[in-house]
Amino acid sequence: MRNQPYVCGLDAAVDVIDGKWKVLIIWALNHQRCRFGELRRLVPGVTEKVLTQQLRELEGDGIVHRELYDVVPPKVEYSLTELGDELNTALGPLGAWGKRRMAVLEEETGQG
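Cut-offs and rules
- Residues numbered from 1 in each chain as written.
- Predicted model: local features only at pLDDT ≥ 70, side-chain atom pairs only at ≥ 80, totals over all residues.
- Heavy atoms only, no water.
- UniProt positions renumbered as here; feature names shortened; annotations may be inferred.
- Helix = DSSP H or I, 4+ residues; strand = E, 2+ residues; numbered from the N terminus.
- Buried < 20%, exposed > 50% of the residue type's maximum accessible area, 1.4 Å probe, protein only.
- Contact = heavy atoms within 4.5 Å.
- Pairing = 2+ DSSP bridges.
- Expected span 1.5 Å × (residues − 1).
- Arc of directions from axis to C-beta.

Draft legend 1. Summary view of the UniProt feature "domain: HTH hxlR-type" (unreviewed entry) in the protein chain. The UniProt record marks residues 8-106 with the feature "domain: HTH hxlR-type" (unreviewed entry), using the residue numbering of this structure. Taken end to end, residues 8-106 has its terminal C-alpha atoms 34 Å apart, with 63% of it in helix and 14% in strand.

Draft legend 2. The side chain of K22, seen in detail. Here K22 shows up in helix α2 (residues 21-28). You can call K22 buried: its relative accessible area is 4%. Ignoring anything within four residues of it in the chain, the contact list for K22 reads V16, I17, Q54, E57 and L58.

Draft legend 3. Spatial organisation of the sheet that holds strand β3 (residues 75-80). Here three strands make up an open sheet; going across it, the order is β1-β3-β2 and the pairing antiparallel. Each having just a single partner strand, β1 (34-35) and β2 (64-69) make up the two edges of the open sheet.

Draft legend 4. Layout of the pairing of β2. Where β2 and β3 come together, six bridges link them in antiparallel fashion. Residue pairing across strands places R66 opposite Y78, the latter belonging to β3. Hairpin connection, β2 to β3: the antiparallel pair is bridged by five residues.

Draft legend 5. Examining helix α4 (residues 48-60) more closely. Taking 1.5 Å per residue, 13 residues should reach 18 Å; α4 reaches 18 Å between its end C-alpha atoms and fits that length. Those residues of α4 lying buried are L51, Q54, L55 and L58. Along the axis of α4, the buried residues cluster in a sector spanning 100°; they form a single face. Across from the buried face of α4, at angles greater than 90 degrees, the exposed residues are K49, R56 and G60. Within two residues after α4, G62 carries a phi angle of roughly 80°, on the positive side.

This is the structure:
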């Protein structure tokens, strides 16, 4: 979290989802718990280091819950918190806009 005050609500929201991977991680955790390896498969291209960092930041912001099970070998599952579910719902219209944008781009480039 930033130490300075936010300019508006959108500023506060973008601070949480800043970067390429956080929105994709939130999308991957939509209504399901995932282990680290599952998340790596659901978010292609993300490195272990970046995924770990992004998960820690999302956990610090109260978006992701990390559940550690006391078993051998260790088992860790990630899920969205209530706040994370709300954020995921709020991102729905942005995703819909993105799909429309992709369709327009495909038409313009003749790939559709």
